Amino acid sequence: MTDLYSLKNKRVFVAGHRGMVGSAIVRRLKDEGCEILTASRSELDLRDQSGVRRWIAERKPDAVVLAAAKVGGILANDTYPADFLYENLVIETNVIEASFRSEVGKLIFLGSSCIYPKFAPQPIPEDALLTGPLEPTNEWYAIAKIAGLKLCQAYRRQHGVDYISAMPTNLYGPGDNFDLEKSHVIPALMRKAHEAKLAGEKQLTIWGSGTPKREFLHVDDAADAMVSLLKSYSGDGHVNVGSGEDIAILELAKLVASVVGFEGEIRNDPTKPDGTPRKLMDVSRLFETGWRPKYELKTGLEDAYAWFREHVEKGEARLNVA
Ligand SMILES: NC(=O)c1ccc[n+]([C@@H]2O[C@H](COP(=O)([O-])OP(=O)(O)OC[C@H]3O[C@@H](n4cnc5c(N)ncnc54)[C@H](OP(=O)(O)O)[C@@H]3O)[C@@H](O)[C@H]2O)c1
Ligand SMILES: C[C@@H]1O[C@H](OP(=O)(O)OP(=O)(O)OC[C@H]2O[C@@H](n3cnc4c(=O)[nH]c(N)nc43)[C@H](O)[C@@H]2O)[C@@H](O)[C@H](O)[C@@H]1O
């Protein structure tokens, strides 16, 4: 990738620095020689418009990474539609507008692969956006994320600012949310397999039919891609960020079980939703820059499980989230 924007000696605000993605971006940015600005939620609630305007005006970052959001898996998205739509809309509008007011030159907004239609062509190219109905379990979150990427595009077109958007696929890794009801599939299955192994249980239950396919990316690879885009991408269109490979949920469950060392039976719970049948993104726009992920799924899962075991023993893993 050719660098167009240097982060050296820049002041970079990472919104959401305590989350899985934000903390990975902070780790990755340490190689860039920049000053990293952060604010905990108690210091700055990103839903507070005047607070966000004031905080950004006082700190004057050069660049902003917008990795703060209300995030959850399929059931959380389906259960709390108002929270997922309202909180995400307000966080992104506050941060993007306040950044523009304070003359922040560069901003990267993080969306999600759920922005695409439920039955989009596979692999999903960036131009599949707004070509069909969304997956009902996460349409609220998807609409907020579409608004966020459109807001970046609108500020770019009207005001000429260099605000870009990345759409990451399903992510996993250190710092994930392991709440059994509100998490994504990998942390949920990892915790279920770990607890079943410790308890000597003979069965583990996965949600839905096990047939949906998903694409996964280790969060450190995602953070590396985001920082690469921040330095080298300056386009009007959003960029898919993924591994380019997908796997059926039942196969994923078997892989997680083998990484954890759970040898029992895997059962289905058909009362839980499957969600979209397949969500593999076309990552050629990103791969054309030369960027590639470093983790294979199995080695990424081993890394994530090593992190989980260490932190669950110390009481530092997120097992119950609000
Ligand atoms: N995880 C995935 O599979 C995935 C996939 C695609 C895209 N993404 C995107 O990546 C970004 C980060 O996701 P993540 O997985 O890192 O989620 P996460 O672990 O839940 O982190 C979200 C972060 O946002 C912060 N936050 C939320 N509401 C806030 C508020 N009102 N004020 C201040 N801070 C607030 C949280 O603060 P607290 O620590 O105080 O709660 C947390 O630090 C999101 O934009 C998400 O859409 C994630
Ligand atoms: C990246 C995120 O993807 C999310 O969709 P989505 O891929 O279905 O998110 P997940 O919650 O990871 O679920 C992926 C698939 O795994 C199945 N699954 C099996 N067992 C489990 C389990 O124990 N927990 C969970 N959570 N799933 C499980 C689930 O039914 C679904 O088919 C969106 O709701 C968000 O908006 C976001 O975009």
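As the structure is a computational prediction, the values presented were derived from the model and not from experiment. (Residues numbered from 1 in each chain as written. Chains lettered and ligands numbered in written order. Predicted model: local features only at pLDDT ≥ 70, side-chain atom pairs only at ≥ 80, totals over all residues. Heavy atoms only, no water.)

Participant: Residues and numbers for the site of ligand 1, please.
Facilitator: What surrounds ligand 1 is a group of 25 residues, the closest being Val21, Tyr141, Lys145, Leu171 and Arg318. Between ligand 1 and Arg41, the relevant distance is 3.0 Å, taken from an oxygen atom to a side-chain nitrogen or oxygen of the residue. A distance of 2.9 Å is found between an oxygen atom of ligand 1 and a backbone nitrogen or oxygen belonging to Leu171. Taking 900 Å² as the accessible area of ligand 1 by itself, protein coverage stands at 90%. Of the residues in the shell around ligand 1, the class split is 13 nonpolar, 6 polar and 6 charged. (Near = heavy atom within 4 Å. Polar contact = N/O pair within 3.5 Å; in protein donor to acceptor, adjacent residues only side chain to side chain. Areas by Shrake-Rupley, 256 points an atom, 1.4 Å probe, with all protein chains shown as cover. Nonpolar A, V, L, I, M, F, W, Y, C, P; charged D, E, K, R; others polar.)

Participant: Could you give me a rundown of the pattern of salt bridges, with the residues and numbers involved?
Facilitator: Tallying each qualifying case throughout the model produces 27 salt bridges. Note that Glu58 is salt-bridged to Arg59, the shortest N-O span being 3.3 Å. Judged by its relative accessible area of 56%, Glu58 falls in the exposed class. The closest approach of N and O atoms between Arg278 and Asp246, which form a salt bridge, is 2.7 Å. Pair noted here: Arg278 is in strand E12 (residues 278-279) and Asp246 is in strand E10 (residues 246-248), with a separation of 32 residues, a long-range link. Judged by its relative accessible area of 30%, Arg278 falls in the partly exposed class. One network of salt bridges, in which partners are shared, links Asp3, Arg28, Asp31, Glu32, Asp224, Lys231 and Lys294. (Salt bridge = Lys/Arg side-chain N within 4 Å of Asp/Glu carboxyl O. Buried < 20%, exposed > 50% of the residue type's maximum accessible area, 1.4 Å probe, protein only. Helix = DSSP H or I, 4+ residues; strand = E, 2+ residues; numbered from the N terminus.)

Participant: Tell me what's going on with the UniProt feature "active site" (unreviewed entry) in the chain, and back it up with residues and numbers.
Facilitator: Per the UniProt annotation, the sites labelled "active site" (unreviewed entry) are Tyr141. Among the secondary structure elements, Tyr141 is positioned in helix H5 (residues 139-159). Judged by relative accessible area, Tyr141 falls into the buried class, the value being 9%. The contact partners of Tyr141, leaving out residues within four places of it in the chain, are Lys70, Val71, Asn77, Phe84, Asn88, Ser112 and Cys114. (UniProt positions renumbered as here; feature names shortened; annotations may be inferred. Contact = heavy atoms within 4.5 Å.)

Participant: I'd like a description of the sheet that holds strand E1 (residues 11-15), backed by residues and values.
Facilitator: If you trace the 6 strands from one edge of the open sheet to the other, you get E2-E1-E3-E4-E5-E9, paired in parallel fashion. In this open sheet, the two strands that pair with only one neighbour each are strand E2 (35-37) and strand E9 (239-241). When strand polarity is set aside, the average angle formed by the axes of neighbouring strands in this sheet is 25 degrees. Strand direction decides the pairing type here: E1 and E2, joined by 3 bridges, are parallel. Considered in E2, the bridge of Phe13 is made with Leu37. Taken strand by strand, H5 contacts strand E4 (106-110) and strand E5 (162-168), and its axis lies near 155 degrees from that of E5. (Pairing = 2+ DSSP bridges. Axes fitted to C-alpha atoms, helices over the stretch in contact; angles between N-to-C directions.)

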